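# Reading the structure
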Amino acid sequence: MTRTQQQALGIEEREHIVDTARKHWFVLFANVLPSLILLMLPFAVLAYLTSNPALFAETPLAERTIDLTSPVILYGALIWVSLLWLKIFSVWMDYFLDVWITTDRRIIDVEQGGFFHREVSSFRFERIQDVTVEIKGIFATLLDFGDLHVQTAGEAREFIIRGLPHPNRHKERILKKIQSISSAQQRTYHDPADV
Amino acid sequence: MNEPPSALPPGVTDALFAGILGGNLLWIITGVVLTIFVGHALIVVYHWLRYGLSSGIMMIAMLIYFGVSAVLAGLLLITTAVLV
């Protein structure tokens with residue numbers, strides 16, 4: 001990540017990126033799947049129709065043959081594939097730009113909703129009050145991914161990081177960091193040199 | 001004997017209308033699809049330059065994206081030319 005990109009995310013000069021996480025690959029797969037099904041659908045229907053001419057036995061279409069290699073079919077297929085290709089790439093880009101960055105001071109959550117909606121939220125470790133993990137569904141349970149709910153102090157706001165791989169591991173890491181920050185603060189408050 | 005009134009607007013001849021419905025329509029559809037391609041590519045490049053320039057995965061994805069898009073656009077142009 002370049003310094004300009006770090007600045008755009010509000011990362012300070014002495015701040016170090018500890019970890020970068022994206023949504024689980026299954027989330028990407030689930031988002032791409034409808035487009036893949038739509039991509040295959042007309043070809044599957046055409047293949048089925050051409051392999052079953054008996055379906056048209058008593059209709060006017062019986063005398064006509066469908067040539068799958070004809071330029072008209074190819075033209076229609078190319079337009080269909082082109083538009084779905086753009087859609088699939090947009091889904092991938094959306095997935096890739098959704099990122100969760102952990103620095104030594106805070107967590108930055110970048111939510112990209114399509115090409116024209118981008119939300120960057122950040123919260124410092126010392127402001128975190130509660131961290132909850134939510135794993136819902138059979139795939140999430142088997143593949144170990146889920147949502148991480150982070151409740152922060154001050155603003156009554158809850159950050160939800162969706163589709164995070166190994167959410168319990170992230171939760172433990174956050175809690176450890178919070179613990180180390182609070183014990184460091186306690187040491188500062190109860191320094192024997194001050195008594 | 002009076003001719004029946006034409007359904008076409010004034011200035012639009014049957015030949016022009018037939019042309020639009022024939023080969024020209026295919027070129028118009030191809031043009032629209034290619035315009036969508038170019039618009040999409042511009043938005044993708046903007047996001048790449050702004051947010052993902054330093055990423056290797058993004059670079060590979062861009063190569064795949066432009067490679068596949070170029071092949072699809074080329075095939076679309078060739079098929080349109082063959083059909084027209």
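It should be noted that the structure appears before, not after, this text.
Here is a short report on the structure shown in this document. (Residues numbered from 1 in each chain as written. Chains lettered and ligands numbered in written order. Predicted model: local features only at pLDDT ≥ 70, side-chain atom pairs only at ≥ 80, totals over all residues. Heavy atoms only, no water.)

### So, the pairing of strand β4 (residues 118–124) of chain A
Residue and element names in this part refer to chain A. Under the convention used in this document: Following DSSP output, two strands are said to pair if at least two bridges run between them. Each helix is a run of DSSP H or I of at least 4 residues and each strand a run of E of at least 2, with the numbering of both proceeding from the N terminus.
As judged from the 7 bridges shared by strand β3 (residues 106–112) and β4, these two strands associate in the antiparallel manner. Bridging across to β4, D109 finds its partner in S121. Between β3 and β4, which follow one another and run antiparallel, lie 5 residues, and G114 among them has a positive phi close to 75 degrees.

### Re the interface of chain B and chain A
The figure often quoted for interface size is the accessible area lost as the parts come together. Rules: We call two residues contacting when some pair of their heavy atoms lies within 4.5 Å. Summed over both partners, the accessible area (1.4 Å probe) lost when two parts come together is defined as the buried area. Salt bridge criterion: a side-chain nitrogen from Lys or Arg within 4 Å of a carboxyl oxygen from Asp or Glu. N or O atoms closer than or at 3.5 Å make up a polar contact, with two conditions inside protein: a donor-capable atom paired with an acceptor-capable one, and, for residues adjacent in sequence, both atoms drawn from side chains.
Counting residues at the interface gives 32 residues for chain B and 24 residues for chain A. Counting the surface lost from both chain B and chain A, the interface buries some 2,400 Å², and carbon and sulfur atoms represent 82% of this. Where chain B touches chain A, the interface holds 0 salt bridges. Along the contact surface separating chain B from chain A lie 6 residue pairs in polar contact (both at pLDDT 80 or more). Mapped by element, the contributors of at least two residues to the side of chain B that touches chain A are α1 (14–51) and α2 (56–83) of chain B. If you tally residues by element for the side of chain B that touches chain A, the top one is α2(B), at 15 residues.

### Structural notes on the pattern of salt bridges
Residue and element names in this part refer to chain A. To keep it simple, the criterion reads: The cut-offs for exposure are 20% and 50% of the maximum accessible area for each residue type, with area from a 1.4 Å probe on protein chains only; residues under the lower value are buried, those over the upper are exposed, and the others partly exposed.
Taken as a whole, this structure holds 5 salt bridges over all chains when the rule is applied. Salt-bridge contacts for R106 lead to E15; the nearest nitrogen and oxygen are separated by 2.8 Å. A residue pair is termed long-range when its members are at least 10 positions apart, and R106 in strand β3 and E15 in the loop between α1 (3–8) and β1 (17–21) qualify at 91 residues. Residue class for R106 comes out buried when judged on its relative accessible area of 8%. In this structure, the salt-bridge partner of E134 is K136, at a minimum N-O distance of 3.7 Å.

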